[in-house]
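# Architecture at a glance
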Amino acid sequence: MTTAIIDPTAGLRAAAVAPPAEAARPVGFSGLRIGLLENTKHNADRILSALGDELAQRHDVGALVHRTKPVFAMPLPEDLVEELIRECDVVVIGVGDCGSCSASAVADGIALERVGIPTAVICTDAFVAPSQAMADLKGAPEYPFVLTAHPIANLTVAQIADRGRELAEHVEARLVLSDSLAGLRS
Amino acid sequence: MLDPEAAARVIDHVYAQGWSDGLPAVAATEETVRRFLEETVRQPDEIVGRHPQLEREVTVRDVAVSAIMVGCLPEYLPVVLTAWDALSAERAARGGGWQSTSGPGALIVVNGPIREQLEINSTGGALGPGFRANSTIPRAIGLTVRNGFGIRPRELEQTTVGTPGRWQLLLGENEEESPWEPLSVETGLDPGQSAVSATLVRDFELVDNRSFTRAEDVLADLVDTIQRSGALIGPHSPSGIILNPEHARLFAGAGMSKQDVREWITSRAGRTEAELTAVGKGLSNGGDGPFAADHFHPTIAGSTPAHLPIIVAGASNAAISLVFRVLGMWSGTSFPVR
C-alpha cells in the first residue's frame, strides 16, 4: 500500500493568467518627464543622476524627476506609485545590487508597466538569477532588465559618470520607440 | 516491522523533488499533518508568514508540513508557529532578509516551562548539535522559507557564503542559572509564560574570558568584540549577546542589572571616524558627514533590549559568551507560545 506524499511547494504555483507587463512606449524623449527612482543602495543615486544628465544632454527631455524608494527590498508604497504615475512619463529604477533589492526592482518595474508606465530596471550582473526569478514569479518571464557590471558601491566619481553614459543607450532602448523606428511604423 | 530501504527511497524522492535543504528529510502525508495539527489551537489555513515582495503567504498547515519533513515531534508545532509570529515582527525578515547576501539564520530563543516539556536545551551545547528540538525547530523555519516562500539558494536567495549553522540556531534561555529576569519578562510577558523571541542573525563571535577576576574586564572584552569593524555596513552594527551564566553572575555579583550591563556596553562600544577610515569604512562621505577624525561613532544605536538583546545560556563550565550580529534590528518583542 502507498500513501500520497504531500508536495510542500504546491503553494508556489504562479497564477495561470498574468496581465501583460509592457506599457506602450512613447516616440522619442522629447518633452518626457523621466523618473529616476533610486533605491538607497550605495551609489545608486549617483549612477541614476549621471544617467539622467546623459539623457538630458542627448535629448530634449521635459524634466528629470528624482525620487527615492525608501525600503529597497519592499514593494513601492502606494503613494509613491501614485506620485510616479502623476509626475513621470517613464521611470528608471535601480540599482539592484543585492539579493532582495534586485528582485524587488524588477517587481517594481513590472508593477509600473502594468499601470502604463514604461520602465527600465537596472541591476548589476551579479544578480541576474534573482532578477529573472522575480520576473518569472510575477508572470512576466520576458521582462527585460538592463545589466551593469558588478560592483557599483566602490566606483569613483569619474567611473560613475562613465557608467551613466554607458547605460544611456540601453535605457533609451527600453523606454521609448526611436524616432526613426516610429517613422517606419507610421 | 521497519523497512529501512523504503525509508531511504522516500528520502531520495524528497531530494529528487528539490524539497530538501540538503540534509535528509522525510515526507509529509495527510495523516502526519493531521496528527501535527491536533497540537495547535490555530486553524490550518491561518496565515503565519507573509512575504510582501513575493506576494506569498504560508499557513499553519504549510508550517506543519515543513516541521514533519525535518524531524520535529508533533508537540513542537506550537513553538514553530510562534517562531513565525516572532519572525513576522522582524522588519528584516519581512523586507528581503531571507534573500540577503549575508545569508542570515533565524536565532530563536525559548523561555518558560515549555523548554522542559519539549526538552529544549538551554545549558551545555545549547546551540547543538545533539538535541532534537533545538535542531529541528529552526530547520523547519528554513524549510518553509525554501518551500513555502520559494526562496532557494542562488535563485531568489543570494547568500554570498552564509552563516554557519544557519537553520540550527535555537536555544532555551538558561533561566535556572541566570541571576536576572528572563528575556521574555524583560520584554513584558509574565514570568512562567512560555514564549519565543527571534531575530535574523548573520555572525557569531566568541568572548572566551574564563579566567576573569573583575566584571569590568569582561565587560571591556565584550565591548572590544562588539565594536569590531568587520560586520559594519553602515554607522551601526546591531548586536546581541548570548551571555554565559558565569559572566552573568559575575556582573550581578558586582551589583549590575541586565540593563546596567547593556548600558555599560552601548555607551562604550564604538569607533572614531579615523579608526573607521583606516579600515575603509569612514562615514564622512555619507549623508550625515563629514566627521572630524576623533568623532566617536557608537556601534549600537541605543540602549533598549531591542538594541542589544542579552540572553543567558550555556553551561557554567567555562566562561564563554557569544556576540552575534543582527540583520536589521530585533523587534524587542517576545511572543507567547500558542
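Summarised in this report is the structure supplied together with it. Model, not experiment: these values are computed from the prediction. (Residues numbered from 1 in each chain as written. Chains lettered and ligands numbered in written order. Predicted model: local features only at pLDDT ≥ 70, side-chain atom pairs only at ≥ 80, totals over all residues. Heavy atoms only, no water.)

Time to look at the overall build of chain A. A count of helices and strands for chain A gives six helices and five strands. Ordered by position from N to C terminus, the α and β elements of chain A give β-α-β-α-β-α-β-α-β-α-α. Taking 186 residues into account, the globule formula puts the C-alpha radius of gyration at 16 Å, and chain A, at 18 Å, falls close to it. Considered along the principal axes of its C-alpha atoms, chain A spans approximately 75 × 45 × 30 Å. With 186 residues in all, chain A has 49% of them scored as buried. In chain A, of all internal contacts separated by at least 6 residues, the share reaching a separation of at least 24 is 79%. Total accessible area on chain A is roughly 8500 Å²; 55% of this is exposed by carbon and sulfur atoms. (Helix = DSSP H or I, 4+ residues; strand = E, 2+ residues; numbered from the N terminus. Rg over C-alpha atoms; globule rule 2.2 N^0.38 Å. Buried < 20%, exposed > 50% of the residue type's maximum accessible area, 1.4 Å probe, protein only. Contact = heavy atoms within 4.5 Å. Areas by Shrake-Rupley, 256 points an atom, 1.4 Å probe, with all protein chains shown as cover.)

A word on the pairing of strand 5 (residues 195-208) of chain B. Residues and elements named next belong to chain B. Bridging between strand 3 (residues 105-111) and strand 5 involves seven bridges; their strand directions are antiparallel. Bridge pairing links G105 to V201 in strand 5. Where strand 5 and strand 11 (residues 335-336) come together, two bridges link them in antiparallel fashion. Across the sheet, the residue bridging to V196 is F335, located in strand 11. Bridge count between strand 5 and strand 10 (residues 320-326): seven bridges; the pairing is antiparallel. Counted as the bridge partner of V207 is S321 from strand 10. (Pairing = 2+ DSSP bridges.)

With that out of the way, let us pick up the interface of chain B and chain A. Counting residues at the interface gives 31 residues for chain B, matched by 25 residues for chain A. In this assembly, chain B packs against chain A so that about 2200 Å² is buried in total across both faces, 67% of it on carbon and sulfur atoms. Of all residues in chain B, B:W19, B:Q53 and B:Q158 give up the largest surface area on contact with chain A, accounting jointly for 26% of the area buried on that side. At the junction of chain B and chain A, the tally comes to one salt bridge. We note a salt bridge from A:K138 to B:E55, for which the minimum N-O separation is 2.4 Å. Connecting chain B to chain A are seven residue pairs in polar contact (both at pLDDT 80 or more). Of all elements in the fold, only helix 1 (4-16), helix 2 (30-37), helix 3 (60-69) and helix 5 (91-94) of chain B reach the threshold of two or more residues within the side of chain B that touches chain A. Among the elements that make up the side of chain B that touches chain A, the one with the highest residue count is helix 3 of chain B (three residues). (Buried area = accessible area lost by both parts, 1.4 Å probe. Salt bridge = Lys/Arg side-chain N within 4 Å of Asp/Glu carboxyl O. Polar contact = N/O pair within 3.5 Å; in protein donor to acceptor, adjacent residues only side chain to side chain.)

Adjacent strands of a sheet form backbone hydrogen bonds with each other and so pair up, either parallel or antiparallel. Residue and element names in this part refer to chain A. If you walk across this open sheet you meet the five strands as 2-1-3-4-5, and the pairing is parallel. Edge positions in the open sheet fall to strand 2 (63-68) and strand 5 (146-148), since each of these has one partner strand only. Each neighbouring strand pair of the sheet contributes to a mean axis angle of 20 degrees, computed without reference to strand direction. Relative to strand 4 (residues 119-124), strand 3 (residues 90-96) runs parallel, the two being bridged by five bridges. Residue pairing for strand 4: V92 is matched across the bridge by A120. (Axes fitted to C-alpha atoms, helices over the stretch in contact; angles between N-to-C directions.)

All names here are of chain B. It is at 9 Å that the axes of helix 2 and helix 3 come closest, and there the two elements cross at 110 degrees. Taken as axis vectors, helix 2 and helix 3 run roughly perpendicular relative to one another. Judged by the sense of rotation from one axis to the other, the crossing of helix 2 with helix 3 is right-handed. In contact with E30, T32, V33, F36 and L37 of helix 2, helix 3 contributes V60, R61, A64, V65, A67 and I68. Partitioning the contact of helix 2 with helix 3 into residue classes produces eight nonpolar, one polar and two charged. (Parallel < 35°, antiparallel > 145°, perpendicular 65-115°, else oblique. Left-handed = near helix turned anticlockwise from the far one by under 90°. Nonpolar A, V, L, I, M, F, W, Y, C, P; charged D, E, K, R; others polar.)

Right, let's get into the side chain of B:T29. As for its placement among the helices and strands, B:T29 is situated in the loop between helix 1 and helix 2. Apart from residues lying up to four places away in sequence, B:T29 is in contact with A:T3, A:A4 and A:I6.

For the rest of this paragraph, the subject is helix 4 (residues 128-137) of chain A. Regarding helix 4 of chain A, the residues found buried are A:P130, A:S131, A:A133, A:M134, A:A135 and A:L137. Where helix 4 of chain A is buried, its residues contact helix 3 (99-114) and strand 4 of chain A together with strand 2 (56-59) of chain B. A:G139 sits one or two residues past helix 4 of chain A and shows a positive phi near 75 degrees.

So, about the pattern of salt bridges. All names here are of chain B. One pass over the full model with this rule turns up 33 salt bridges over all chains. In this structure, R338 engages E46 in a salt bridge whose closest nitrogen and oxygen atoms are separated by 3.3 Å. On the criterion of sequence distance, the pair formed by R338 in the segment after strand 11 and E46 in the loop between helix 2 and strand 1 (47-51) is long-range, its members being 292 residues apart. Residue class for R338 comes out partly exposed when judged on its relative accessible area of 42%. The class of E46 is partly exposed, set by a relative accessible area of 26%. We note a salt bridge from R166 to E157, for which the minimum N-O separation is 2.8 Å. Summarising the burial analysis for this pair, R166 and E157 share the class buried. Salt bridges here are not isolated pairs; linked through shared partners, they connect E31, R34, R35, E38 and E39.

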